[in-house]
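Fold and contact review
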Amino acid sequence: MPNGGNYDGTVGSLGAIEVAQTLHEQGIVLRHPLEVVIFQNEEGGLIGSRAWIGKLPPEELDHVSHSGKTIREGIRFLGGDPDRLDEVIRKPGDIAAYLELHIEQGPVLYEEQIDIGVVEGIVGIRWWRVTWEGTANHAGTTPMDRRRDALLAAARFIQAVNRIVTSEPGRQVGTVGQIEAYPGAPNVIPGRVVCSLELRDLDDAKIQRLYAAIEEEARAIAQESGVAVRFEPINVNKPAPTDPRVRDVIEAAAQDLGLSTKRMPSGAGHDAQDMAQLGPTGMIFIPSVDGISHSPKEYSRPEDIANGANVLLHALLRLDEAPWVR
């Protein structure tokens, strides 16, 4: 994550390692084998976990990351072999249960002074690349009423996204987080603009409904502006509810430790939503100070991190003993 923080992903990764180390130090042998897994490139579309469940299309390996390398080149650079990803695929039923510890990345737990979030489900996330094609022309000699300004149309589109997404109640969110104008000169009317569109909600049908309304308005804007617009789907992560039995286990483990809990959805995507396709899945949230994430200012207090790791440990022990866990 460009300009990201030190806690998103890191807390869960080190927490899982700490739990395994603690079990080893205490000589505890579980009924089930324990695996610690750290997935690659969650932020770029759950690349690692999608590969693990066999849902990563080969063409996604050709996407260029922020490093300047494609995903395929990056795997080779780190010593892996992108041609052998099919050898690691897991199938439904291959895992008895999956737990993930994570910072909340939002303000709810911190503001309400709650120790542990018990995640009810992970939102679906859909991305599109939206391309606007107008006519690049001289900014000084082209009258305002003769312009086919792709950037002006894209600006109207951004406002429309916000208006449509906020037009109905709910926790749905819509974001245009990337925009590039070409040729990108102060004295040239932008003839081509590429921007992103992201929609998130726990209800995939709502995401589809909002997208249909946004696309319809975008085409109206394009017609009024004398430009063309094209939508290209980039990534789809479907909503994933966590397992109610795992939620109960997490909540009981936290309460046994004297920690307060809150059941809540996850507004961010996580590898757990892929793992939910393999077996019972649960997520543990800890507070993020001021709700800041994807920023160098991201921070979770040491005592909250310790609480999360302890809940992870005790939830794991409870799951290992649960009769319904095969």
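Summary of the structure given here. These figures come from a predicted structure and were not determined experimentally. (Residues numbered from 1 in each chain as written. Predicted model: local features only at pLDDT ≥ 70, side-chain atom pairs only at ≥ 80, totals over all residues. Heavy atoms only, no water.)

**A look at unusual backbone geometry**
Where the residue is not glycine, phi is negative for most of them; where a peptide bond is considered, it is trans in most cases. Spelled out, the test is: Counting from the N terminus, the helices are DSSP H or I runs at least four residues long and the strands are E runs at least two residues long.
The step from Tyr 182 to Pro 183 runs through a cis peptide bond, and the omega angle for that step is 5°. Tracing the backbone through its elements, the reader meets Pro 183 in the loop between strand E6 (179-182) and strand E7 (188-189).

**A word on the pattern of salt bridges**
The line we're drawing: Here, a salt bridge means any side-chain nitrogen of Lys or Arg that lies within 4 Å of a carboxyl oxygen of Asp or Glu. Buried residues are those whose accessible area, probed at 1.4 Å on protein chains only, stays under 20% of the maximum for their type, while exposed residues exceed 50% and partly exposed ones sit between those limits.
Evaluated as defined, the whole model comprises 19 salt bridges. The closest approach of N and O atoms between Arg 129 and Glu 232, which form a salt bridge, is 3.0 Å. In this pair, Arg 129 is assigned in strand E3 (residues 124-133) and Glu 232 in strand E9 (residues 228-237), connecting sequence segments 103 residues apart. Under the relative-accessibility criterion, Arg 129 is labelled partly exposed at 33%.

**Side note on the pairing of strand E1 (residues 98-103)**
Rules: Following DSSP output, two strands are said to pair if at least two bridges run between them.
Extensive coverage of E1 is indicated by the burial of 6 of its 6 residues. Of the pairings in the sheet, the one linking E1 to strand E12 (residues 281-286) comprises 6 bridges and is parallel in character. Paired with Leu 99 across the strands is Gly 282, a residue of E12.

**Regarding the environment of Ala 153**
Rule in force here: Note on definitions: a residue-residue contact is assigned when non-hydrogen atoms from the two residues lie within 4.5 Å.
One can find Ala 153 in helix H5 (residues 150-165). Separated by 128 residues in the primary sequence, Ala 153 and Thr 281 place their C-alpha atoms 43 Å from one another. Excluding residues within four positions of it along the chain, Ala 153 makes contact with Trp 132, Ile 221, Ser 225 and Val 227.

**Observations concerning the layout of surface pockets**
One simple way to see leftover space: roll a probe sized like a water molecule over the atoms. What counts is decided by this rule: Using a 1 Å grid laid over the protein atoms alone, points where a 1.4 Å probe fits but cannot get out form a cavity; open sets with protein on both sides within 12 Å along at least 5 of 7 lines form a pocket; any residue with an atom within 4 Å of a point counts as lining. Grid points are joined across faces, edges and corners, and a volume is the space filled by probe spheres set on the points.
Taken as a whole, the second largest pocket holds about 410 Å³ of empty space. Surrounding the second largest pocket, 19 residues form its lining, Gln 40, Gly 48, Ala 51, Ile 75 and Leu 85 being those nearest its centre. Examining the composition of the lining of the second largest pocket, we find that 4 residues originate from one element, helix H2 (residues 47-52), more than from any other.

**Some details on the side chain of Ser 49**
To be explicit about the condition: Throughout this description, a polar contact denotes any pair of N or O atoms lying within 3.5 Å of each other; where both atoms belong to protein, one of them has to be capable of donating a hydrogen while the other can accept it, and for residues adjacent in sequence the pair is counted only when both atoms sit in side chains.
Residue position: Ser 49 is located in helix H2. In this structure Ser 49 comes out as buried when scored by relative accessible area, which is 0%. A distance of 2.7 Å separates a polar atom in the side chain of Ser 49 from a polar atom in the side chain of Asp 274. In this structure, Ser 49 is in contact with Phe 39, Asp 271 and Asp 274, ignoring residues within four places of it in sequence.

**Description of the packing of aromatic side chains**
Spelled out, the test is: Only rings of Phe, Tyr and Trp enter the pairing, Trp through its six-membered ring, and a pair is recorded when the two centres are within 6.5 Å. The plane angle decides the type: under 30 degrees is stacked, over 60 is edge-to-face, the rest tilted.
Overall, the coordinates contain 6 aromatic pairs when judged by the stated rule. Both rings, one in Tyr 7 and one in Tyr 299, keep their centres 5.6 Å apart while their planes meet at 85°; by these two values the pair is edge-to-face. Within this pair, whereas Tyr 7 is found in the segment before helix H1 (10-25), its partner Tyr 299 is found in the loop between E12 and helix H9 (302-321), the two being separated by 292 residues in sequence. Classification of Tyr 7 as buried rests on a relative accessible area of 19%. Owing to a relative accessible area of 35%, Tyr 299 belongs among the partly exposed residues under this scheme. Relative to Phe 231, the ring of Phe 157 lies with its centre 6.1 Å away and its plane at 70°, an arrangement referred to as edge-to-face.

**Describing a nonpolar patch on the surface**
We count it as follows: Like charges within 9 Å and nonpolar side chains (Val, Leu, Ile, Met, Phe, Trp, Tyr) within 5 Å are joined into patches, using only residues over 30% in relative accessible area that form no salt bridge. Residue exposure ignores everything except the shown protein chains as possible cover, and the areas themselves are Shrake-Rupley values with a 1.4 Å probe.
A surface patch of nonpolar side chains, amounting to about 440 Å² of accessible area, comprises Leu 14, Ile 17, Leu 34, Val 36 and Ile 38. Tracing the backbone through its elements, the reader meets Leu 14 in helix H1. On the basis of relative accessibility, which here comes to 53%, the residue Leu 14 falls in the exposed class.

**Some details on helix H7 (residues 244-256)**
Quick reminder of the rule: Expected span of a helix: the number of residues minus one, times 1.5 Å.
Helix length check: H7 (13 residues) gives 18 Å between terminal C-alpha atoms against 18 Å at 1.5 Å per residue, within 8%. Residues of H7 that are buried include every one of Val 246, Arg 247, Val 249, Ile 250, Glu 251, Ala 253 and Ala 254, and no others. Next to the buried residues of H7 lie E1, strand E2 (116-122), strand E10 (240-241), strand E11 (261-266), E12 and H9. Put simply, Asp 243 is the residue that caps the front of H7, since its side-chain oxygen is 2.8 Å from the backbone nitrogen of Arg 245. After H7 finishes, the residue Gly 258 shows a positive phi value of roughly 75°.

**Let's talk about the nonpolar core**
For clarity, the cut-off: For the purposes of this section, nonpolar cores are sets of buried Ala, Val, Leu, Ile, Met, Phe, Trp, Tyr and Cys residues that join through side-chain atoms within 4.5 Å.
Of all hydrophobic cores here, the largest spans 27 residues; its most connected members are Leu 99, Ile 116, Ile 250, Ile 284 and Val 311. Looking at this core, the element that brings in the most residues is H9, giving 6 residues. Leaving out residues up to four positions away in the same chain, Ile 116 has contacts with Leu 109, Ala 254, Leu 259, Ser 260, Thr 261, Lys 262, Ile 284, Phe 285, Ile 286, Asn 307, Gly 308 and Val 311. The next biggest cluster of nonpolar side chains, apart from the first, holds 25 residues, and it includes Ala 150, Tyr 211, Ala 218 and Val 229.

**As for the packing of H7 against H9**
Rule in force here: Note on definitions: angles span 0 to 180 degrees between N-to-C directions of axes, and those axes are lines fitted to C-alpha atoms, for helices only across the stretch in contact. Roughly parallel means an angle under 35 degrees; roughly antiparallel means over 145; roughly perpendicular covers 65 to 115; every other angle is labelled oblique. Here a crossing is called left-handed whenever its near helix is offset anticlockwise from the far helix by less than a right angle, and right-handed whenever the offset is clockwise. Residues are grouped as follows: nonpolar covers Ala, Val, Leu, Ile, Met, Phe, Trp, Tyr, Cys and Pro; charged covers Asp, Glu, Lys and Arg; every other residue, Gly included, is treated as polar.
Where H7 contacts H9, the two axes come as close as 8 Å, and the packing angle between them is 125°. Classified by the angle between their axes, H7 and H9 sit oblique to one another. Relative to H9, the crossing made by H7 is right-handed. Residue-level contacts link Val 246, Val 249, Ile 250, Ala 252, Ala 253, Ala 254 and Asp 256 of H7 to Val 311, His 314, Ala 315, Arg 318 and Leu 319 of H9. When the residues that make up the contact of H7 with H9 are grouped by side-chain class, the tally is 9 nonpolar, 1 polar and 2 charged.

**Focus on the pairing of strand E8 (residues 192-201)**
Of all 10 residues that make up E8, 9 are buried, and the element is covered over most of its length. With 10 bridges joining them, E3 and E8 adopt antiparallel strand pairing. Of the residues in E8, the one forming a bridge with Glu 133 is Arg 192. Pairing analysis gives 3 bridges linking strand E5 (residues 173-175) to E8, with the strands arranged antiparallel. By the bridge assignment for E8, Thr 175 is matched with Glu 198.

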